[in-house]
Amino acid sequence: MANNEESQTISREVLQFQEERSTGVGKPASRLGGTGLWSHFLSYEWSSALLYLFLDAVSWLAIYRMAGWFRYDAFYATPFQFFIINLIQLGVIVIGLYFVGGYDRTVEKLTLGYAVEHILAVTAAAIVSAMLIYSAATFDQTMKPSRGVLLLSFAIFLPVSLAYRRWIRQYVVASSASRSFLVIGGGATATRFYQAYRNSPNGQQLEFVDVNEERVGQPIAGEGSPIVQGNLAAKLTNLGKRYSGIILAEKASSLSTHLLERLVHAQFQETRVYTLESFYETQWRYVPLGIIDPFWPLQSGFQLARTSPYHYLKRLFDVIASAIALIICAPLFVLVTLLIWMRDGSPIFFPQERVGRDGRRFILFKFRTMRRSDQADEDIYTREGDRRVTSVGRWLRKLRLDELPQLWNALKGDISLIGPRPEWSKCAERYEQTIPFYHFRHLVKPGITGWAQVNYPYGESNEDAVEKLKFDLYYIRHYSLKLDAMIVLKTLYTMLFGKGR
């Protein structure tokens, strides 16, 4: 996920791109056969996903066919075999890109972060496709798939599929830049939303309207902020193509029955209507603490349940994957142990009491990355450039190799491979006293990596704990195979580019 500074830079570039379109400098419309029709098509939420899917299918079929024709070494007995193989490969590609948001309109595709995730997804799809095809070929001797054709096809498809996503994304953002979000509400909740939106990468304007006439004409958040307008009924009557969506920042009980009926009509026939929670989750992938209550986990829509089949499937995966990882990483364990012992002596491991699911305490193991200290008033956070971190430990943290011993905890069942960070019991006790709803994160097993870990920097304050909790709550609400797969790919990106601390 791109950071705010990178996303805001992209927003400015896209706005410049839009100005070039209107003045004829870039003239992309001539290549597309009409700006109006193209912009009208891209204004629909489903349009970009359909276009990406269509281009993926056409591109893959053309590339795989041409690669086989040039090399003359891909052989299938019948056209039906060729069709089935292509269908399998395309299905794996679509699933891989779906996991990283390749078909999601709200995912920014112009960032380096997305490019890396796209590369990882297509690479994973190539590996899975090869496994499936060659497994099938062992049972059908008439199939003689070529490794060269498969590798060449994916090598060509990867940059092509990324290029047209970046190209289309420019038009998608530019086509919606002139449209606003209509925010219903002018009170404190709407003000907090405006402040959060202003600090986000979203580039579209906000237009506030309130049913309370006392707030009409006042700025939503002080001088320079949008003015709250009135006459909501007239705006809902003439939505047209002016708004990208409607955001409800007011309690439904404060709206008349007629207005509520009009919002329902707009949701199903004109433009999307968001509650604040659904907007935060759709656009920013976290749950704001200010709009949840003690009954939040009882709402419908939660994927998490003790009887969920995925809960047991995930535990099986944890056991198999952690056991295999421990075997494969055995040489790394030896190497890291020697490095720590040679540079800093013993102990090699750092055991610490952590809090797991349902508040259960357990001992978690990591490679020691900090110097030993007996000071009672020692800082509980690891700061940027912390002098307590050893030279070896700094590299272990950057590459996340200090987390390797946690594979043993995952094998035992203390934690999962994926989930909220297992918090130090001392910190958890403090947070539960000061942060509302912090205990909700104990509804699931903690993990070695998680949604908060890959979307927010290393926490070093109570404020950071609050921000990371928002992402943990999103994970709890959307607990699923898709989200776990996204976390795995983002974790690989973090490890490859040394984003840890």
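The preceding data block contains the structure.
Every value quoted in this text rests on a predicted model; they were computed, and no experiment measured them.

### Focus on the overall build of the chain
When you go through the chain residue by residue, the secondary structure sums to 19 helices and eight strands. When each of the 501 residues of the chain is scored for burial, the buried share is 49%. Relative to all contacts within the chain whose residues are 6 or more apart in sequence, the contacts with residues 24 or more apart total 73%. Looking at the chain as shown, the accessible area adds up to about 25400 Å², and 62% of this sits on carbon and sulfur atoms.

### Thoughts on the sheet that holds strand β3 (residues 243–248)
Pairing is parallel in the open sheet, where four strands are placed in the order β2-β1-β3-β4. Two strands bound the open sheet, and with one partner strand each, they are β2 (205–209) and β4 (273–275). This sheet shows a mean twist of 25 degrees between the axes of neighbouring strands, independent of strand direction. As defined by bridge partners, β3 adjoins β4 across three bridges and the pair is classed as parallel. Considered in β4, the bridge of L248 is made with T275. Running over the sheet, helix α11 (residues 276–284) touches β1 (180–184), β3 and β4 and is turned about 100 degrees from β4.

### Section: the pattern of salt bridges
Across all of its chains, the model carries 16 salt bridges by this definition. Between R165 and D56 there is a salt bridge; the shortest N-O distance is 2.7 Å. Of this pair, R165 sits in helix α7 (residues 147–177) while D56 sits in helix α4 (residues 47–71); the two residues are 109 residues apart in sequence, bridging distant segments of the chain. For the pair shown, R165 and D56 are each scored as buried. Look at the salt bridges and you will find they share partners, linking D210, R215 and E250 into a network.

### Quick look at the side chain of K235
Note on placement: K235 falls in helix α9 (residues 232–237). On the basis of relative accessibility, which here comes to 12%, the residue K235 falls in the buried class. The contact partners of K235, leaving out residues within four places of it in the chain, are L182, E207, V209, Q229, G230 and Y243.

Criteria and thresholds
Residues numbered from 1 in each chain as written. Predicted model: local features only at pLDDT ≥ 70, side-chain atom pairs only at ≥ 80, totals over all residues. Heavy atoms only, no water. Helix = DSSP H or I, 4+ residues; strand = E, 2+ residues; numbered from the N terminus. Buried < 20%, exposed > 50% of the residue type's maximum accessible area, 1.4 Å probe, protein only. Contact = heavy atoms within 4.5 Å. Areas by Shrake-Rupley, 256 points an atom, 1.4 Å probe, with all protein chains shown as cover. Pairing = 2+ DSSP bridges. Axes fitted to C-alpha atoms, helices over the stretch in contact; angles between N-to-C directions. Salt bridge = Lys/Arg side-chain N within 4 Å of Asp/Glu carboxyl O.

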